[in-house]
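# Observations on the model geometry
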There are 2 protein chains.
Amino acid sequence: MRGFEGATVDRIAARARLNKAMIYYHFHGKKDLYRTVLRSIFTTMGDGLAAIASSNAAPADKLDRFVAAFVAEGQARAHVAPIMLREIAEGGRRLDEETYTVMVRVVRAMTGIITEGRAAGQFGPVDPILLYLTTVWPIVVYLATTPIRNALARVAQFDVGRLDPERFIAHLQMLNRHAVMPAAAGAGPAGELS
Amino acid sequence: MRGFEGATVDRIAARARLNKAMIYYHFHGKKDLYRTVLRSIFTTMGDGLAAIASSNAAPADKLDRFVAAFVAEGQARAHVAPIMLREIAEGGRRLDEETYTVMVRVVRAMTGIITEGRAAGQFGPVDPILLYLTTVWPIVVYLATTPIRNALARVAQFDVGRLDPERFIAHLQMLNRHAVMPAAAGAGPAGELS
DNA sequence: GTCTATATCGGGATAGAC
DNA sequence: GTCTATCCCGATATAGAC
């Protein structure tokens, strides 16, 4: 919630009922600990999502499940979404190649489903990366904004209930279902760009 | 790029060719300066986007233009997207009510277009807030990831060219066009949720 | 209003005992 | 392996001269 800088090694040690020096004994430094934790988290998430991608359900069903599973995984680990956003905001400065590699498995899980659907002729010509962008990142922001939604709602006066997880998931699934419809995606004029 | 904590008052002053003490003379502190800048930025962005929303084009066209304009505004101010992501990640701790109010104008610009389209019977029953979430936040992430896209592409081996702004904008416009189609949105079974 | 010099403090990292 | 005490630096903020 307060980020890499906000988490002091003292507090981390206290939370783990350890002494600060132990952290420096087991890890090369704060950043090394951070990367280790991230690799662990994204390995777990990647496993679950890759399992969905490689199941033998229909691609369209996998896509729906991917969305629901990503939301569920994110809710079960509420600290992950803010971390992802912060890393993006900071240009991924703190990540090393190995951590990137682990994260990319999540991307592949989703793009694999789409590629499969296209190869099977069940999906139209939608770009996997673009659909990944418009699927995963609203989820991450949705998850990360959960704590402040009330604060914003007070100012904006919208009904928070409309943003409950089930409705949000259904909305995303609806968007994706249309996006992958054969002969629906890339087609059509792009509209005014300026 | 390095966030609120990463930007030292010394460097800010140097960049402005001023002395650090001057900043503390004109503002109550670093946070006060930060809020003032954010209010200014979002006022400008809100003006442009509200102008699109209140123009007398058709709602569907406004939606397309909103997407293109948001991307353009974001590109013209490359530092804004990371700031938005970081603020979300930190639970909006640094924002005060006044800053929230200014930011909400951007939300209203988009939701207003959808509400108008629905009232005119041109849009189906899509939720304005949900469509805002799935429209604006992919854009913000897209903008914020521009610097690291190459690093990721190297590991993931995808073609970066597929992510150029025009294609991205067209993809989002396509998604939204389908989402607001009468009798297309909220309709249909939601699929498996677990 | 504009500057230099400095107070102050929090946090990463380590020395060194046991 | 595990701890306490400490070094050290960088950053916010202010005092006070001009």
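Calculation notes
Residues numbered from 1 in each chain as written. Chains lettered and ligands numbered in written order. Predicted model: local features only at pLDDT ≥ 70, side-chain atom pairs only at ≥ 80, totals over all residues. Heavy atoms only, no water. Helix = DSSP H or I, 4+ residues; strand = E, 2+ residues; numbered from the N terminus. Expected span 1.5 Å × (residues − 1). Buried < 20%, exposed > 50% of the residue type's maximum accessible area, 1.4 Å probe, protein only. Contact = heavy atoms within 4.5 Å. Near = heavy atom within 4 Å. Polar contact = N/O pair within 3.5 Å; in protein donor to acceptor, adjacent residues only side chain to side chain. Nonpolar A, V, L, I, M, F, W, Y, C, P; charged D, E, K, R; others polar. pLDDT = per-residue confidence, 0-100. Core = buried A, V, L, I, M, F, W, Y, C linked by side-chain atoms within 4.5 Å. Salt bridge = Lys/Arg side-chain N within 4 Å of Asp/Glu carboxyl O. Least-squares fit on C-alpha atoms with pLDDT ≥ 70 in both. Axes fitted to C-alpha atoms, helices over the stretch in contact; angles between N-to-C directions. Parallel < 35°, antiparallel > 145°, perpendicular 65-115°, else oblique. Left-handed = near helix turned anticlockwise from the far one by under 90°.

Attention shifts here to helix α4 (residues 30-53) of chain B. All names here are of chain B. Taking 1.5 Å per residue, 24 residues should reach 34 Å; α4 reaches 34 Å between its end C-alpha atoms and fits that length. Within the span of α4, buried status applies to L33, Y34, R35, L38, R39, I41, F42, M45, G46, L49, I52 and A53. Residues of α4 that are buried in the fold lie against α1 (3-6), α2 (9-15), α3 (20-26), α5 (59-76), α6 (80-89) and α7 (97-119).

Within the structure, DNA strand C sits among A7, T8, V9, K20, Y24, G29 and K30 of chain A together with N19, A21, M22, Y25 and H26 of chain B. Within 4 Å of the protein, the contacting atoms of DNA strand C are 57% sugar and phosphate, with bases supplying the remainder. Contact distances for DNA strand C include 3.4 Å between a phosphate oxygen and a backbone N or O atom of A7 of chain A. Elements with a contribution of two residues or more to the surface near DNA strand C: α3 (20-26) of chain A together with α3 of chain B. The greatest single-element share of the surface near DNA strand C, amounting to four residues, is contributed by α3 of chain B. By residue class, the composition of the surface near DNA strand C is six nonpolar, four polar and two charged.

Per-chain confidence: chain A averages 92 in pLDDT, with 94% of residues scoring 70 or above. Confidence over residues 185-194 of chain A falls short of pLDDT 50; this stretch has 18 contacts with residues more than four positions distant or in other chains.

Next up on the list: the environment of T146 of chain A. All names here are of chain A. Among the structural elements, T146 can be located in the loop between α8 (128-145) and α9 (149-156). In this structure the C-alpha to C-alpha distance between T146 and D164, which are 18 residues apart in sequence, comes to 9.7 Å. For T146, the side chain forms a polar contact with the main-chain oxygen of L143, separated by 3.0 Å.

It is worth spelling out the nonpolar core at this point. Membership of the largest hydrophobic core comes to 121 residues, with the highest contact counts inside it found for W137 of chain A together with W137 of chain B. When sequence neighbours within four positions are dropped, the list of residues in contact with W137 of chain B reads V141 of chain A together with M84, L85, I88 and Y132 of chain B.

A few words now on the pattern of salt bridges. Scanning the entire structure with this criterion turns up 28 salt bridges over all chains. E98 of chain A serves as the salt-bridge partner of R39 of chain A, at 3.6 Å between the closest nitrogen and oxygen. With a gap of 59 residues between them, R39 of chain A in helix α4 (residues 30-53) and E98 of chain A in helix α7 (residues 97-119) connect regions that are remote in the sequence. A relative accessible area of 16% places R39 of chain A in the buried class. For the salt bridge of R167 of chain B with D127 of chain A, the shortest nitrogen-to-oxygen distance reads 3.2 Å. Taken together, the residues R167 of chain B in helix α10 (residues 165-179) and D127 of chain A in the loop between α7 and α8 connect one chain to another. Judged by its relative accessible area of 36%, R167 of chain B is partly exposed. Here D127 of chain A falls in the buried class, since its relative accessible area comes to 8%. Each of E5, E87, E90, R93 and R94 of chain A together with R86 of chain B takes part in a single network of salt bridges with overlapping partners.

For the pair chain B and chain A, the best superposition has an RMSD of 0.0 Å and corresponds to a rotation of 180° with a translation of 0.0 Å parallel to the axis. This pairing of chains is accounted for by a two-fold axis.

What follows is about the environment of V106 of chain B. Looking at the element boundaries, V106 of chain B is found in helix α7. Along the primary structure V106 of chain B and V160 of chain B are separated by 54 residues, whereas in three dimensions their C-alpha atoms are 29 Å apart.

Right, let's get into the packing of α4 of chain B against α7 of chain B. Residues and elements named next belong to chain B. Where α4 meets α7, the closest approach of the two axes is 8 Å, and the angle between their N-to-C directions is 15°. Classified by the angle between their axes, α4 and α7 sit roughly parallel to one another. Viewed along their axes, α4 and α7 form a crossing whose handedness is left-handed. Taking contact as the criterion, the partners of R35, L38, R39, F42, T43, G46, D47, L49, A50 and A53 in α4 are, on α7, E98, T99, V102, M103, R105, V106, A109, I113 and E116. Class assignment of the residues belonging to the contact of α4 with α7 gives a composition of 10 nonpolar, three polar and six charged.

Before going further, it helps to examine helix α6 (residues 80-89) of chain A. Of all 10 residues that make up α6 of chain A, 10 are buried, and the element is covered over most of its length. Listed in full, the buried residues belonging to α6 of chain A are V80, A81, P82, I83, M84, L85, R86, E87, I88 and A89 of chain A. Buried residues along α6 of chain A sit against α1 (3-6), α4 and α8 of chain A together with α6 and α8 (128-145) of chain B.

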